[in-house]
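# Topology and contacts: notes
Next come the chains, spelled out residue by residue.
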Amino acid sequence: MTPAASASVGETHELVVVGGGLVGVSLAIACAQAGLDTLVVDREDPSVMLAASYDGRASAIAYGSRQILAGLGIWEKVAAEAAPILEIRVADDNAPLFLHYDHREVGEHPLGWIVENTVLRRALLQRVRELPTLTHAAPQSVTGVERSAAGALVRLADDGAVRARLVAAADGKASPLRKSAGIRTIEWSYPQMGIVTTVRHEAPHRGVAVEHFLPAGPFAILPLTGNRSSIVWTERAELAPRILAMDAADFAAELRRRFGDFLGAVEPVGPRWSYPLAFLHAEDYAAPRLALVGDAAHVIHPIAGQGLNLGLRDVAALAEVVVDARRLGLDIGDSEVLRRYERWRRIDNWMLSAMTDTLNRLFSNAIPPVKAARDLGLAAVNRVPPLKRLFMRHAMGVVGAVPRLVRGEAL
């Protein structure tokens, strides 16, 4: 634990965040820098999480999420390693019709950025060490939470326990805290697997992200710094293990067949990672003394690259309602405070979850009438500038009643 070795029985914090991933640590930073005595508990060792072999993924950071990270003192630490998305090209297999987004249609700033997850984790942990009101317990596990009208008692694996006014579950899609609270979910698995790797290419990508829809699922080419791109390759679940088991030459050939030659010679330069794809949405985002954020509340298909952005908007909304309640002298774990958070986030999360599920089902097939209809749809959106700008602003995370951090304001 930083700064202490372990949590002692009776130690008290205003907020305990369970789960030290990108969303959990962001929430802890947001609340701690606003003055809340905050503890984040993570079962992973930070040194393991920062190793290059831990996670090869990169995240799309929408403009609104960039505003959040800037407000948390994170963006300045990652900006040099963030590749701007200046254009997005969406194509359906070999169809001549396509959808093209250009950042100049909505403003001077990029549509978003691509940042490697290792870079984000390093910056978040650096920021944790800068905040005196934030304690980081890792590696440490939570074995249970007892919630009552008086507060919450968080029991730890080392037989310690801490008290809190509010517990935030950022413990992932299998969230033990969500399950122990009896919160039900709507969920299913997709017959697909995500394959992630990094490639180096001969020509510069010029800030262009490509989403190429193939019958098995989307093949995304996301710009990284230098002449590199992150590949998010959705493949049929039964075929993915065979692709992952290929030797280097065969894997490179299979990847190039999907990538194309528009950036010249392409070569994989990083390890391969894979993960199953699933849909999950919690029926409630809160229970007495408990709030769900990130994957504990919702998991979506990566087709639009919006998973982390939804989690960061959860962070901005929950931090705002909690900080406002505290300033008014209210109990931050009060049910009405948590209901406000739930009402605020439910529509945005549900709409994007449904949209990504629909898009994946619509595009991950080769049925001729369906293919013809969706190609016409892409072309129609491309030729209606007001509709296209609305879609772009949605993807940027700046539509609707957004939290203060998204607007670039302090908590």
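Higher on the page you've got the structure.
These lines cover the structure that appears in this document, whether it is placed above or below. Keep in mind that what you see is a predicted model, and the values were worked out from it rather than measured.

With that out of the way, let us pick up the packing of aromatic side chains. A full pass over the atoms with the stated rule returns eight aromatic pairs. Geometrically, the ring pair formed by Phe259 and Phe262 is stacked, given 5.4 Å between the ring centres and 15° between the ring planes. For Phe262, a relative accessible area of 45% translates into the label partly exposed. Sitting over the face of the ring of Tyr275, Arg57 holds its NZ or CZ atom 5.4 Å from the ring centroid. Taking NZ or CZ as reference, Arg272 lies 4.0 Å from the ring centre of Phe251, over its face.

Most of strand S14 (residues 217-224) sits inside the fold, with eight of its eight residues counted as buried. Bridge count for strand S13 (residues 208-214) against S14 is five bridges, and the pairing is antiparallel. Bridge assignment links Glu211 to a residue of S14, and that residue is Ala220. The antiparallel hairpin formed by S13 and S14 contains two residues in its connecting segment. Where S14 lies against strand S15 (residues 228-236), six bridges are found, and the strand directions are antiparallel. Note on S15: the bridge partner recorded for Phe219 is Trp233. Connecting S14 to the antiparallel partner S15 that follows it, the hairpin turn spans three residues, and Gly226 within it adopts a positive phi of roughly 75°.

Quick look at helix H5 (residues 117-130) now. For H5, built from 14 residues, the straight-helix expectation of 20 Å at 1.5 Å per residue is met to within 8% by its first-to-last C-alpha distance of 20 Å. When you tally the buried positions in H5, you get ten out of 14 residues, the bulk of the element. Along H5, the residues that are buried comprise Asn117, Thr118, Val119, Leu120, Arg121, Ala123, Leu124, Leu125, Arg127 and Val128.

Once that is clear, we can look at the packing of helix H9 (residues 307-327) against helix H10 (residues 335-363). In the contact formed by H9 and H10, the axes pass within 9 Å of each other and the chain directions differ by 165°. Taken together, the axes of H9 and H10 are roughly antiparallel relative to one another. Crossing of H9 over H10 shows right-handed handedness. From H9, Leu310, Arg313, Asp314, Ala317, Leu318, Glu320, Val321, Asp324 and Ala325 reach across to H10, where they touch Val337, Arg340, Tyr341, Trp344, Arg345, Asp348, Asn349 and Leu352. Split into classes, the residues belonging to the contact of H9 with H10 amount to nine nonpolar, one polar and seven charged.

Procedures and definitions
Residues numbered from 1 in each chain as written. Predicted model: local features only at pLDDT ≥ 70, side-chain atom pairs only at ≥ 80, totals over all residues. Heavy atoms only, no water. Phe/Tyr/Trp six-rings, centres within 6.5 Å; stacked < 30°, edge-to-face > 60°. Buried < 20%, exposed > 50% of the residue type's maximum accessible area, 1.4 Å probe, protein only. Lys NZ or Arg CZ within 6 Å of the ring centre and 35° of its normal. Helix = DSSP H or I, 4+ residues; strand = E, 2+ residues; numbered from the N terminus. Pairing = 2+ DSSP bridges. Expected span 1.5 Å × (residues − 1). Axes fitted to C-alpha atoms, helices over the stretch in contact; angles between N-to-C directions. Parallel < 35°, antiparallel > 145°, perpendicular 65-115°, else oblique. Left-handed = near helix turned anticlockwise from the far one by under 90°. Contact = heavy atoms within 4.5 Å. Nonpolar A, V, L, I, M, F, W, Y, C, P; charged D, E, K, R; others polar.

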